[in-house]
Amino acid sequence: MKHLTPSAVVLDFNGVLGLQPTDAMWANLTATAGWPADQTDYLKAAFWNARDPYDAGAITDREFWTTALGAEPTPRHLDELRAADIAMWTRTDDRVLDVLHRVREAGLPLVLLSNAPHPLADALDDTVWRRNLFNEAVYSARLGLCKPDPAAYQQALAATGTAPERVLFVDDRLDNCATARELGMTALHFTGDATELATALSV
Ligand SMILES: [Mg+2]
């Protein structure tokens, strides 16, 4: 970390502001999929194997779930799967929210940069915290590309209106942080410590 207070922040969602899904949520998704309860690990693997093109906006909801489940869902089932999926990725960490409110009060531009499929991007945009805290939100599905593609970061950087050297990038994935550093940003690899985030931002 450079010892220089940043002038803007680019923040990942899931694993930073967003809480990871609980085991109960994965179990609920397994039940919603219609799979036996002891198949949750297989469902997780199938979910992640199919996820990248969905995050990148390259395939539809129906295509994602058809690939993940190995069978095409009915329209009603698709609605249920989409709702269960969104519910897994929209809970926030109050400690991080509190830090971000202080950052906002300090006047720093905040930009969200999230790998998220279209339905999740829409759901995140509908939240009160998104409207109150963030100047802009950049989502992979709308860009057509995911972190750690440098082009995704360029969009977020442009939204900050700040030179990369004055931007703090925060993400729970090391590969995403590495790309941010290659682009000249300071990167904080977030491991769940909101105090560390507050210190990095001097709030
Ligand atoms: Mg993350």
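Since the structure is predicted, the reported quantities are computational estimates derived from the model, not experimental observations.

## Digging into the packing of helix α3 (residues 61-69) against helix α4 (residues 75-88)
- Here α3 crosses α4 at 90 degrees, and the two axes come no closer than 11 Å. Looking at the two axes, α3 sits roughly perpendicular to α4. Facing α3, whose interface residues are Asp61, Arg62 and Trp65, α4 presents Leu78, Leu81 and Arg82.
- Among the residues making up the contact of α3 with α4, the classes are represented as 3 nonpolar, no polar and 3 charged.

## Things to note about the domain arrangement of the protein
- Domain boundaries assigned for the protein yield domain 1 (8-20 + 92-200) and domain 2 (23-88).
- The interface is formed by 13 residues belonging to domain 1 together with 8 residues belonging to domain 2.
- Residue assignment for the side of domain 1 that touches domain 2 shows that the elements contributing at least two residues are α6 (118-125) and α8 (140-143).
- For the side of domain 1 that touches domain 2, the leading source of residues is α6, giving 4 residues.

## A look at the pairing of strand β2 (residues 110-114)
- Of all 5 residues making up β2, 4 are buried, and the element is well covered by its neighbours.
- With 3 bridges joining them, strand β1 (residues 8-11) and β2 adopt parallel strand pairing. Considered in β2, the bridge of Val10 is made with Val111.
- Both β2 and strand β3 (residues 136-139) contribute to a ladder of 4 bridges, which runs parallel. The partner of Val111 across the bridge, within β3, is Glu136.

## Quick notes on the nonpolar core
- Membership of the largest hydrophobic core comes to 43 residues, with the highest contact counts inside it found for Val138, Ala156, Phe169 and Val170.
- Among the elements that line this core, the one with the most residues is helix α9 (residues 150-160), at 5 residues.
- Ignoring sequence-local partners within four residues, the contact set of Val170 consists of Val9, Leu11, Asp12, Val16, Leu188, Phe190 and Leu197.
- Ala33, Phe64, Ala68 and Leu81 belong to the second-largest nonpolar core, a separate cluster that totals 9 residues.

Rules used throughout
- Residues numbered from 1 in each chain as written.
- Predicted model: local features only at pLDDT ≥ 70, side-chain atom pairs only at ≥ 80, totals over all residues.
- Axes fitted to C-alpha atoms, helices over the stretch in contact; angles between N-to-C directions.
- Helix = DSSP H or I, 4+ residues; strand = E, 2+ residues; numbered from the N terminus.
- Parallel < 35°, antiparallel > 145°, perpendicular 65-115°, else oblique.
- Contact = placed C-beta atoms within 7 Å.
- Nonpolar A, V, L, I, M, F, W, Y, C, P; charged D, E, K, R; others polar.
- Domains from an automatic or database assignment.
- Buried ≥ 20, exposed ≤ 12 C-beta atoms within 10 Å, placed from the backbone.
- Pairing = 2+ DSSP bridges.
- Core = buried A, V, L, I, M, F, W, Y, C linked by C-beta atoms within 7 Å.

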